[in-house]
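Observations on the model geometry
Each chain, letter by letter, is given below.
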Amino acid sequence: MRMPGSRQRLLLTLAVLALVAIVATGCGRGVWPFSQGSYPVDIFYEMHYQPSHKAHEPPRLSPPASAVPWYGAVAPEPTSFAGSGEHIYATNCLMCHGATGQGDGPVLARIIVDYGYQTTDAALLNPNLTSEAARSLDRDGLRGAITGGVNLMPSFAKLLTEDQIELVLDYVEGCLQDGDAAACE
């Protein structure tokens, strides 16, 4: 048999236990007297998490001076190494095709080892630019590979201007494939 006030005592006991549990777990952190700040109700105790408060943001870093921005369909003319197919090749192609164009670049080597990529002797799929299959391609075939991308090779149509693509083609055909010393400069 229950006593008349036992239900009220049970509810009061549960309420006190719930309050103790909230305080013990730290859920009452933003309410006075448990806040970390100096105000009775400290809502903004960490200002850097508030998007409306810009004074505590760290300074924004500038991009590196050597970064190449993407301009879309019309890229500005470069000011350095503008007439060097060798420099453009070294910047964009060497990592896969290698310094001598034999498909022995460090990125392609890693793709072969880590991901099991298989090269082939097909003209457009062979990363060795000095192979017979690659030599059999005419200038338009090589240009199509550069602008359209092939297999793992990305398209460079939006990264290089037409003049830069022509410089790369001159370098690949003249220096890498034919060994012409004048084209290698």
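A brief structural summary. (Residues numbered from 1 in each chain as written. Predicted model: local features only at pLDDT ≥ 70, side-chain atom pairs only at ≥ 80, totals over all residues. Heavy atoms only, no water.)

Overview of the state of the cysteines
Let me state the cut-off plainly: Cysteine sulfur atoms are paired as a disulfide whenever they fall within 2.5 Å. Three exposure classes are used, based on accessible area relative to the maximum for each residue type with a 1.4 Å probe and protein chains only: buried under 20%, partly exposed in between, and exposed over 50%.
Tallied over the full model, the rule gives zero disulfides. In this model Cys 93 remains outside any disulfide bridge; the closest cysteine sulfur is found in Cys 96, 9.0 Å from its own. Overall, the relative accessible area of 13% leaves Cys 93 in the buried class. For Cys 96, a relative accessible area of 26% puts it in the partly exposed group.

Looking at the layout of surface pockets
Our working rule: A pocket here means an open set of points on a 1 Å grid, computed over the protein atoms alone, that has protein on both sides within 12 Å along at least five of seven lines. A cavity is instead a set of points where a 1.4 Å probe fits but cannot get out; residues with an atom within 4 Å of a point line either one. Grid points are joined across faces, edges and corners, and a volume is the space filled by probe spheres set on the points. We count a stretch as a helix when DSSP gives it H or I for four or more residues in a row; a strand needs E for two or more, and each element gets its number in order from the N terminus. Residue polarity is assigned by list, with Asp, Glu, Lys and Arg as charged and Ala, Val, Leu, Ile, Met, Phe, Trp, Tyr, Cys and Pro as nonpolar; anything else, Gly included, falls into the polar class.
Looking at the second largest pocket, its volume works out to about 510 Å³. The wall of the second largest pocket is formed by 30 residues, among which Cys 96, His 97, Pro 127, Val 150 and Met 153 lie closest to the centre. Residue assignment for the lining of the second largest pocket shows that the elements contributing at least two residues are helix 2 (85-92), helix 3 (94-97), helix 4 (106-115), helix 6 (139-148) and helix 7 (162-177). Here the residues of the lining of the second largest pocket sort into 26 nonpolar, four polar and no charged.

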